[in-house]
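Analysis of the macromolecular model
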Amino acid sequence: MKRKQGRNLPEVRNYNRSLVLQTIRTYSPISRIELTEITSLTPTTITSLVDEFIRKGLVKEIGNVKGEIGRSRTLISINNDAYYVLGIDLARTSISCGLVDLGGNIITSKRVSSDLYQNFPITLNNLKEVIHSLFKEIEPQVREKIVAIGIGSPGPLSPSKGIIISPPNFKGWKNVPLKEIIEREFHLPTFIENDAKACALGEKWFGSCKDIDNFVYLAIGTGVGAGIIINGEIYRGAGELAGELGHTTVDTDGPKCSCGNYGCLELYTSTGSLIERIKENLSHLVTEDPLETLFIFYRTAREGNIKAIEILNDYCFWLGIGVVNAINIFSPQAVVLGREAIMHGADLIIPRVEKLVRERSFSISSDQTKILASSIGKDTGIIGAATIALYEFYKNPYKLIKKEGV
Ligand SMILES: [Zn+2]
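The model shown is predicted, which means the values in this text are computed figures rather than measured ones.

Reading guide: rules and limits
Residues numbered from 1 in each chain as written. Predicted model: local features only at pLDDT ≥ 70, side-chain atom pairs only at ≥ 80, totals over all residues. Helix = DSSP H or I, 4+ residues; strand = E, 2+ residues; numbered from the N terminus. Rg over C-alpha atoms; globule rule 2.2 N^0.38 Å. Buried ≥ 20, exposed ≤ 12 C-beta atoms within 10 Å, placed from the backbone. Domains from an automatic or database assignment. Contact = placed C-beta atoms within 7 Å. Nonpolar A, V, L, I, M, F, W, Y, C, P; charged D, E, K, R; others polar. Core = buried A, V, L, I, M, F, W, Y, C linked by C-beta atoms within 7 Å. Pairing = 2+ DSSP bridges. Axes fitted to C-alpha atoms, helices over the stretch in contact; angles between N-to-C directions. Parallel < 35°, antiparallel > 145°, perpendicular 65-115°, else oblique. Left-handed = near helix turned anticlockwise from the far one by under 90°. Expected span 1.5 Å × (residues − 1). Arc of directions from axis to C-beta.

Considering the overall build of the chain
A count of helical and extended segments in the chain gives 16 helices and 15 strands. Radius of gyration (C-alpha) of the chain: 22 Å, near the 22 Å computed for a compact globule of 406 residues. For the chain, the spread of C-alpha atoms along the principal axes amounts to about 65 × 55 × 50 Å. A burial count over the chain gives 40% of its 406 residues as buried.

Description of the domain arrangement of the chain
Domain boundaries assigned for the chain yield domain 1 (9-78), domain 2 (82-198 + 381-400) and domain 3 (209-375). The C-alpha-based centres of domain 2 and domain 3 are spaced at 25 Å. Contact with domain 2, which involves 14 residues of that partner, is made by 13 residues of domain 3. Of the residues belonging to the side of domain 2 that touches domain 3, the class tally is five nonpolar, six polar and three charged.

Regarding the nonpolar core
Core analysis: the largest hydrophobic core is formed by 108 residues, its most contacted members being Val-85, Tyr-217, Leu-218, Val-323, Val-335 and Ala-389. Looking at which element gives the most residues to this core, the answer is helix α11 (residues 306-330), with 12 residues. Not counting residues up to four positions away in its chain, the partners in contact with Val-85 are Val-100, Ile-146, Val-147, Ala-148, Ile-149, Gly-150, Ala-386, Ala-389, Leu-390 and Phe-393.

Quick notes on unusual backbone geometry
Here the residue pair Ser-28 and Pro-29 is connected by a cis peptide bond, since its omega of -5° sits within 30 degrees of zero. Within the fold, Pro-29 resides in the loop between α1 (9-27) and β1 (30-31). For the bond from Gly-155 to Pro-156, the omega torsion is 0°, close enough to zero to count as cis. Along the chain, the position of Pro-156 falls in the loop between β7 (146-153) and β8 (157-158).

A word on the sheet that holds strand β2 (residues 59-66)
Spatial ordering of the open sheet is given by β1-β3-β2, a layout of three strands whose pairing is antiparallel. Both outer strands of the open sheet, β1 and β2, are each paired with one neighbouring strand and no more. As judged from the seven bridges shared by β2 and strand β3 (residues 72-78), these two strands associate in the antiparallel manner. From the neighbouring strand, Val-65 faces β3, where its bridge partner is Arg-73. Strand contacts of α1: β1, β2 and β3, with the helix running at about 100° to β3, the strand carrying the most contacts.

Some points on the packing of α1 against helix α3 (residues 43-56)
Relative to each other, α1 and α3 sit at 75°, their axes nearing to 10 Å. Regarding the angle of α1 to α3, the classification is roughly perpendicular. Residue-level contacts link Asn-16, Arg-17, Val-20 and Leu-21 of α1 to Thr-45, Ile-46, Leu-49 and Phe-53 of α3. Among the residues forming the contact of α1 with α3, the class breakdown is five nonpolar, two polar and one charged.

Quick notes on the packing of α11 against helix α13 (residues 346-360)
At a minimum axis distance of 8 Å, the contact between α11 and α13 shows a crossing angle of 55°. The angle between α11 and α13 falls in the class oblique. Between α11 and α13 lies a crossing of right-handed hand. On the side of α11, the interface is formed by Leu-312, Asn-313, Cys-316, Phe-317, Leu-319, Gly-320, Val-323, Val-324 and Ile-327, while α13 contributes Leu-348, Ile-349, Arg-352, Val-353, Leu-356, Val-357 and Arg-360. Of the residues in the contact of α11 with α13, the class split is 12 nonpolar, two polar and two charged.

Some words on the environment of Gly-227
With respect to the secondary-structure elements, Gly-227 resides in strand β12 (residues 224-230). For Gly-227, a count of 31 C-beta atoms within 10 Å gives the class buried. The spacing of Gly-227 and Lys-279 is 52 residues in sequence and 30 Å in space, taken between C-alpha atoms. In this structure, Gly-227 is in contact with Ala-196, Lys-197, Cys-199, Ala-200, Leu-201, Tyr-217, Ala-219, Ile-234 and Gly-243, ignoring residues within four places of it in sequence.

What to know about helix α4 (residues 120-137)
For α4, built from 18 residues, the straight-helix expectation of 26 Å at 1.5 Å per residue is met to within 8% by its first-to-last C-alpha distance of 26 Å. Listed as buried for α4 are Thr-123, Leu-127, Val-130 and Ile-131. Looking down the long axis of α4, one finds its buried residues gathered within 95° of arc, a one-sided arrangement. Residues of α4 that are exposed and point more than 90 degrees away from the buried face comprise Pro-121, His-132, Ser-133 and Lys-136. Here the buried face of α4 lies against β4 (84-90), β5 (94-101), β6 (106-113) and α6 (178-186).

Observations regarding the pairing of β3
Where β1 lies against β3, two bridges are found, and the strand directions are antiparallel. Residue pairing in the sheet places Ile-30 in a bridge with Ile-76 of β3.

Quick word on the pairing of strand β11 (residues 215-220)
Where burial is concerned, most of β11 is hidden: six out of the six residues are buried. A two-sided burial pattern is seen for β11, the buried positions comprising Phe-215, Tyr-217 and Ala-219 on one face and Val-216, Leu-218 and Ile-220 on the other. Pairing analysis gives six bridges linking β11 to β12, with the strands arranged antiparallel. When the sheet's bridge partners are listed, Leu-218 is paired in β12 with Ala-226. Hairpin connection, β11 to β12: the antiparallel pair is bridged by three residues. By the bridge criterion, five bridges tie β11 to strand β14 (residues 334-338) in an arrangement that is parallel. Residue pairing in the sheet places Val-216 in a bridge with Val-335 of β14.

So, in structure tokens, the structure goes:
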């Protein structure tokens, strides 16, 4: 017989605490009366929780505003610099690490080139180094306020076990207990998540989807993956691997992919595949830096270069096919396109993808699905990873603030 999980009184208090803190974060600045209306909790519960947060320094009063019947209401907001987390974007060609406050603002960050295709010990060393060097730059009193580390990494991985399972082509990355390794080194609770899922939650909390609870985030970089947000939460699936949209077949006669499948979406839509086509046709646009190459390519397309527009149209065709598949499976409120491929070319890509989506998916479904570009920009990997740590903080703040207790 399957057990059910009831909520005992301390858990109810914890649940309400998290709900109220999250609501303050989302709608800040907000009054206690508005909190009562949004959460359906009694004014007494709201007053007691807000007082507790103010005592703990998590929340602050930031002034008054006149209410409808002339009575003034005190507005409150999250005290962003009460605590911090680290957000680490373990990308295929670089490692970025940022100090992020409770409001999702990056205070300082570091980035090093690091090739995940190198041997695992080298990458791990690079990862530890970048964190240590960031710590050196941070003042001790801020360092003490860091409560957790969030890491976004290419999958497949298991967030619940804290293990990177076996990303294709990553030398020596097999069942790596990354959570445990980082916790042992830095003595901070560490949470790992697939990078696309992390970016999706970052978009929900701090980007273009603050008011959208059901959407698919398509991360289009060196790899292509999806983060699926259902009812405001990451959907992981029974095996924690949901969202591998980049490895769905879009061409049954296509080449073999590193995942073992054939004609995967990633083979046609990754930044690498786009740069390959630019190299073949417009080689003079290619520089050492892939992001710069894309920037120049999009500029060339905007200037009306026929060949550039042809490449762009073909690229957006495949991207559009992926988006149509996502819409047909999830019927989301929005599909958000993000990461390196989109960063400098959203104005060119979004209308093309949108046109294909309107032509190819059920109109009733596509009419209600917005096609958006990520609004976070170049730091989306850091913000996404930090959001994974912030999620744990807002879920149960006192668990991470060990010194304070409840
Ligand atoms: Zn594949």
